[in-house]
Amino acid sequence: MKPMDNITIVPTGCCHDCGGRCVLRAHVRDGKIIRIESDTGEEPQLRACLRGRAYRQRVYSPDRLKTPLRRVGERGEGKFEPVSWDEALDEVAHELKRIKETYGNASIFFAAGSGNQGMLHGAIPVGAMLQAFGGFTRIWGVASYEGALFASMATYGTIRTGNSREDLLNSRMIILWGWNPANTVWDPETTYMLARVKERGIRVVALDPRYTDTAATFADQWIPIRPGTDAAMLIAMAHVIVSEGLEDKDFIEKYTVGFDRYKDYVLGREDGVPKTPRWAEAITTVPAETIAGLAREYARSKPAALIAGWGPSRAARGEQYSRAANVLTALTGNIGISGGYASGFMRAYSSRETAPGAHGSGNPVEKGATPRKNTLHKLRGGTNPSSARIHSAKVFDAMLRGRAGGYPADLKMAYVAASNFVNQHPNTRRGVEAFKALEFVVVHEQFMTPTARLGDIVLPVNTFMERNDIAPPWLGSPYYIYLNKAVDSLYDSRSDLEIVRELSKRLGLPPGLADLSEEDLLRGIAGARHDIKDYDRMKRDGVVKIELPEPFVSFKEQIADPEAHPFPTLSGKIEICCDHMGEMKNPLLPPIPKYLTHSESYDAPLAARYPLQLLTTHFKTRAHSTWHNVPWMREIEPHSVWMNPEDAAIRAIADGDLVDVFNDRGRIRIPVWVTERIMPGVVNVGQGAWYDPGADGVDRGGCANVLTDDDHSPSGTHHMNSALVQVERALSG
Ligand SMILES: Nc1nc2c(c(=O)[nH]1)N[C@H]1C(S)=C(S)[C@@H](COP(=O)(O)OP(=O)(O)OC[C@H]3O[C@@H](n4cnc5c(=O)[nH]c(N)nc54)[C@H](O)[C@@H]3O)O[C@H]1N2
Ligand SMILES: Nc1nc2c(c(=O)[nH]1)N[C@H]1C(S)=C(S)[C@@H](COP(=O)(O)OP(=O)(O)OC[C@H]3O[C@@H](n4cnc5c(=O)[nH]c(N)nc54)[C@H](O)[C@@H]3O)O[C@H]1N2
Ligand code: SF4
Ligand SMILES: [Mo]
């Protein structure tokens, strides 16, 4: 910290749940942040995006929750009275004890969100407290990546796939499939590397129903593709490669199992339908020549990186797309080599081996629960290790139907921390109904979100500018940021840790982690990481960048010496055909990747009434619902539904009109952006806008999850990009 002109520059960072984790330098004068800078060091910098730079408007927002609140009206009505911390915490402790005694710990649902990505604050201490209190019911099925994780485990037996970002410079060709890091970041150096890729003239192709900022900035070619049909295109690319003998035969022979089985499907020997580019054109709308051209180019441009994003897999049958992409990288031998890329989960360098959602064992409620048979847990992985968990898409249904509906618990209370749960999970209107049916809801929040509005007690939490924390990168890069406290907690807010400390006393819990000081806890966290060598230096600098001897290349050892380093699958090889999936005998989980349709596919009967496919992408101006209420962000890109001019014309809709986007689950009313940047037949509502229904039930906030389907595929993947909708001009405001 360097004082000058009464200004102290505090090295800190940004750690909400976007794909970043960036350096911030808070300029503080008289206890107030007056300016925010970012990384000014050597490239590649951990440079903050527009959201991080606008953080002052979030810290000093007039809407910050200032005191603990107790509900006075009906739940969800939004009427609260301020109460003291003692009153609020007494009530929470009393309700926790009452509910535990009356119904048992499994009736407590812990809605742990991603709002804070530091390792000390946010949902983590709350989970530790509830665990010490006897446990809780929680979710499996992480909205982010469940399909990709499942496919990665099935193919490689691990989630550590892909190469370091700088290794992209060694590729001869890069395919960005359903991936938009210009907005979603995926580690701050990604766009820097893509810019260098472009400077070097390496060919970049982007496949996305939208002409994304990434495609516009970095790609030589944009291929629009109909949502939910990517598996068909990838399988047709395999058809071209196999029928023209372009596959890497030695690689397939040495490192994979199941190629013949896949070949039979691809060539049509299994079901009489050869999966030709012509076949795929009818499904995907991508011209057969484009499909064949891309297949040949990819197979001949070794080393080439096919990076398959999570967006297309966050959809019904999304795991098939991920599997088909993984298998294509194997057919072309682009795995384990510099410049290649094992498409999979996309976690390259990491000091963690487990899936982010899978941590935190030892929940007493899950002890003795039967391990699930029909899940990938059997293959070592997945985030569903126990029959005591509820899929995150099904929580609302579980709250409403409980054990009688086949769920493991009758849920009576929700403990919400760092999550805008109701807004961020599919079928939000049902979510509101479900939360209203509970006996007690407590929410730790910074703002009165749509979920906090459903609280009985709402506790004001401070921001990362008001406490110390350490945050690992979001995904796969070698560094940590240290978030030094820049200012004191505003108003009467406290950290989650401080709340847990007070509450633990009231619950009579033995002294635990929460009794140690913040500093000791952070030293402990750093000490447990083999790659953090110097805590004090990291704290002083606000960041530690870890020098790797060379760029990380996943599966390098497996390829160099397969005898000594088998793949961690059952066969020890890359599984093009996964027998374990075959054993499940589920037609929706075939052992080889297949193109499968579903009830909200473009060609489903429902499309007669709801002919548009809705995407609910991650949005430039927000991390999920965080930053929604920051005016600077609203100015940059107002919330709207993206629609192609062709679709607008047939509906007599003009750019900027207020429109209704609707299906049987609900209706939202927002302005339309008529743009060529989205293909015909597809509309996009960025996820994360706050649910704000009028008396007529129409959501003026434009929350995408009013429209999404609360079902999941057998892999556990969400259907957030698989909703059919109609759009019409709004009749009133
Ligand atoms: N700004 C911002 N960044 C974020 C986040 C955020 O909320 N805001 N959230 C972070 C988190 S937690 C996550 S999990 C990640 C998510 O990161 P992603 O899942 O990669 O993000 P999305 O925007 O949902 O999807 C990426 C792209 O997939 C495209 N897409 C959707 N469906 C299909 C399809 O069927 N086929 C094809 N080819 N493309 C399709 C979308 O148009 C979009 O451009 O982002 C992280 N980064
Ligand atoms: N339709 C659709 N829905 C989606 C997605 C999609 O692609 N489409 N993506 C999904 C994905 S990938 C994810 S990860 C989820 C994310 O969903 P959530 O985890 O619910 O994320 P946020 O909406 O950002 O809500 C986080 C909340 O935490 C609060 N917060 C921030 N810091 C702290 C803190 O230190 N302590 C406490 N107590 N609170 C804090 C913020 O104010 C914010 O309200 O959304 C999912 N929802
Ligand atoms: S929102 Fe994400 S990318 Fe932007 S500054 Fe924060 S951590 Fe970095
Ligand atoms: Mo996510």
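Residues numbered from 1 in each chain as written. Chains lettered and ligands numbered in written order. Predicted model: local features only at pLDDT ≥ 70, side-chain atom pairs only at ≥ 80, totals over all residues. Heavy atoms only, no water.

**Q** How should I be thinking about the site of ligand 1 in this particular structure?
**A** Taken together, 35 residues lie near ligand 1, and Asp208, Asp230, Arg314, Arg622 and His624 sit nearest. Separating a nitrogen atom of ligand 1 from a backbone N or O atom of Leu207 is a distance of 3.4 Å. In this structure, His618 approaches ligand 1 through a side-chain N or O atom, which is 2.8 Å from a nitrogen atom. Coverage of ligand 1 by the protein amounts to 99% of the 910 Å² it exposes when considered alone. Among the residues forming the shell around ligand 1, the class breakdown is 14 nonpolar, 14 polar and 7 charged. Counting contributing residues, the shell around ligand 1 receives three or more from each of domain 2 (146-350 + 555-583) and domain 3 (605-729). (Near = heavy atom within 4 Å. Polar contact = N/O pair within 3.5 Å; in protein donor to acceptor, adjacent residues only side chain to side chain. Areas by Shrake-Rupley, 256 points an atom, 1.4 Å probe, with all protein chains shown as cover. Nonpolar A, V, L, I, M, F, W, Y, C, P; charged D, E, K, R; others polar. Domains from an automatic or database assignment.)

**Q** It is not clear to me how the sheet that holds strand β17 (residues 457-460) should be interpreted in this structure. Could you clarify?
**A** In any sheet, the strands associate via hydrogen bonds between backbone groups, in a parallel or an antiparallel arrangement. In space, the 6 strands of this open sheet follow the order β6-β5-β17-β16-β15-β7, with mixed pairing throughout. The strands lining the two open edges of the sheet, one partner per strand, are β6 (80-82) and β7 (108-112). Recorded for the sheet is a direction-independent mean angle of 15 degrees between the axes of neighbouring strands. Note: strand β16 (residues 440-445) against β17, 4 bridges, orientation parallel. Opposite Val442, over in β17, you have Ile457 as the bridge partner. (Pairing = 2+ DSSP bridges. Helix = DSSP H or I, 4+ residues; strand = E, 2+ residues; numbered from the N terminus. Axes fitted to C-alpha atoms, helices over the stretch in contact; angles between N-to-C directions.)

**Q** Just checking my understanding: could you explain the packing of helix α9 (residues 230-243) against helix α11 (residues 259-267) for this structure?
**A** In a pair of packed helices, the angle between the axes and the distance between the axes together describe the arrangement. For the pair α9 and α11, interaxial distance at closest approach is 9 Å and the crossing angle is 105 degrees. As summarised for this structure, α9 and α11 are arranged roughly perpendicular, according to the angle between their axes. For the pair α9 and α11, the contacting residues are Ile235, Ala238, His239, Val242 and Ser243 in the first and Phe259, Tyr262, Lys263, Tyr265, Val266 and Leu267 in the second. Each residue belonging to the contact of α9 with α11 can be placed in one class, and the counts come to 8 nonpolar, 2 polar and 1 charged. (Parallel < 35°, antiparallel > 145°, perpendicular 65-115°, else oblique. Contact = heavy atoms within 4.5 Å.)

**Q** Looking at this structure, I do not really get the packing of helix α12 (residues 277-284) against helix α13 (residues 288-300). What am I missing?
**A** With their axes 8 Å apart at the nearest point, α12 and α13 run at an angle of 120 degrees to one another. One way to sum up the angle between α12 and α13 is to call them oblique. In terms of crossing hand, the pair formed by α12 and α13 is right-handed. Seen from α12, the contacting residues are Pro277, Arg278, Ala280, Glu281 and Thr284; seen from α13, they are Ala288, Glu289, Ile291 and Ala292. Residue composition of the contact of α12 with α13, by class: 5 nonpolar, 1 polar and 3 charged. (Left-handed = near helix turned anticlockwise from the far one by under 90°.)

**Q** Honestly, the domain arrangement of the chain in this entry has me stumped. Any pointers?
**A** Buried accessible area, meaning the area lost when the parts come together, often serves as the stated size of an interface. Per the domain assignment, the segments making up the chain are domain 1 (69-144 + 359-462 + 487-527), domain 2 (146-350 + 555-583) and domain 3 (605-729). Just the C-alpha atoms count here: the centres of domain 1 and domain 2 sit 37 Å apart.

**Q** Honestly, the environment of Gln446 in this entry has me stumped. Any pointers?
**A** By secondary structure assignment, the location of Gln446 is in the loop between β16 and β17. Taking C-alpha positions, Gln446 is 39 Å from Asp230, a pair spaced 216 residues apart along the chain. Discounting residues that sit within four places of it in the chain, Gln446 has contacts with His16, Arg58, Asp63, Arg64, Leu65, Val461, Asn462 and Thr463. Among the polar contacts listed, one links the side chain of Gln446 to the backbone oxygen of Asn462, at a separation of 2.9 Å.

**Q** Just to check I follow, could you spell out α13 for this structure?
**A** The α-helix winds at 3.6 residues per turn, so residues separated by three or four positions along the chain end up facing the same way. Taking 1.5 Å per residue, 13 residues should reach 18 Å; α13 reaches 18 Å between its end C-alpha atoms and fits that length. Residues Ala288, Ile291, Ala292, Leu294, Ala295, Tyr298 and Ala299 constitute the buried set of α13. Projected onto a plane normal to the axis of α13, the buried residues spread over an arc of 165 degrees and lie on a single side. Every exposed residue of α13 that faces more than 90 degrees away from the buried side is listed here: Glu289 and Arg300. (Expected span 1.5 Å × (residues − 1). Buried < 20%, exposed > 50% of the residue type's maximum accessible area, 1.4 Å probe, protein only. Arc of directions from axis to C-beta.)

**Q** Teacher, can you tell me more about the packing of aromatic side chains here?
**A** Here a ring pair, both rings aromatic, is described through the centre-centre distance and the interplanar angle of the planes. Per the counting criterion, the structure on display carries 22 aromatic pairs. Ring geometry for Trp186 and Trp310: centres 4.6 Å apart, planes at 70 degrees, overall edge-to-face. Residue Trp186 is found in the loop between α6 (181-184) and α7 (189-199), and its partner Trp310 is found in the loop between β13 (304-308) and α14 (318-331); the two are separated by 124 residues along the sequence. Given the relative accessible area of 3%, Trp310 is considered buried. Relative to Phe567, the ring of Phe555 lies with its centre 4.9 Å away and its plane at 45 degrees, an arrangement referred to as tilted. (Phe/Tyr/Trp six-rings, centres within 6.5 Å; stacked < 30°, edge-to-face > 60°.)

**Q** What is the right way to look at the site of ligand 3 in this model?
**A** In the vicinity of ligand 3, the residues found are Cys14, Cys18, Gly20, Arg21, Cys22, Ala48, Cys49, Arg51, Gly52, Val185 and Trp627. Of the residues contributing to the shell around ligand 3, the split by class is 7 nonpolar, 2 polar and 2 charged.

**Q** I'm lost on the pairing of strand β19 (residues 479-483) in this one. Help?
**A** Along any regular strand the residues' side chains alternate between the sheet's two faces. For β19, the tally of buried residues reaches 5 of 5 residues, placing the bulk of the element in the interior. A two-sided burial pattern is seen for β19, the buried positions comprising Tyr479, Ile481 and Leu483 on one face and Tyr480 and Tyr482 on the other. Inspection of the sheet shows strand β18 (residues 469-471) paired to β19 by 3 bridges, in the antiparallel sense. Within β19, the position partnered with Asp469 by the bridge is Leu483. As paired elements, β19 and strand β20 (residues 543-545) share 3 bridges and run antiparallel to each other. Bridge assignment links Tyr480 to a residue of β20, and that residue is Val544.

**Q** What is the right way to look at the pattern of salt bridges in this model?
**A** For side chains of opposite charge, pairing can occur when their charged atoms come near one another. Counted by the stated rule, this structure contains 47 salt bridges. Between Asp456 and Arg71 there is a salt bridge, with its nearest N and O atoms 2.6 Å apart. Of this pair, Asp456 sits in the loop between β16 and β17 while Arg71 sits in strand β5 (residues 69-71), placing them 385 residues apart in sequence. Here Asp456 falls in the buried class, since its relative accessible area comes to 5%. Beyond isolated ion pairs, a larger network of salt bridges with shared partners links Asp86, Asp90, Glu502, Lys505 and Arg506. (Salt bridge = Lys/Arg side-chain N within 4 Å of Asp/Glu carboxyl O.)

**Q** In this structure, what is going on with helix α17 (residues 428-436)? I would like to understand it.
**A** Of all the residues in α17, the buried ones are Thr428, Gly431, Val432, Ala434 and Phe435. Take α17 and look down its axis: the buried residues cluster within an arc of 165 degrees, on one side only. Looking at the buried positions of α17, the neighbouring elements they touch are α15 (395-401), β15 (413-417), α16 (421-424) and β16.

**Q** Help me understand the sheet that holds strand β26 (residues 682-685) in this model?
**A** As summarised here, the arrangement of the 6 strands in space is β22-β26-β23-β25-β24-β27, forming a closed barrel in which the pairing is mixed. Strand after strand, the sheet turns through a mean of 45 degrees between neighbouring axes, direction not considered.

**Q** I tried to follow the pairing of strand β3 (residues 22-29) on my own but got confused; where do I start?
**A** Among the 8 residues of β3, 7 are classified as buried, and the element is accordingly described as predominantly covered. Sheet topology places strand β2 (residues 7-14) next to β3; 7 bridges connect them, and they run antiparallel. Bridge pairing in β3 links Cys14 to Cys22. Of the pairings in the sheet, the one linking β3 to strand β4 (residues 32-38) comprises 6 bridges and is antiparallel in character. Bridging across to β4, Ala26 finds its partner in Ile36. In textbook terms, the turn of a hairpin is the stretch between consecutive antiparallel strands, and for β3 and β4 this stretch comprises 2 residues, one of which, Asp30, has a positive phi near 50 degrees.

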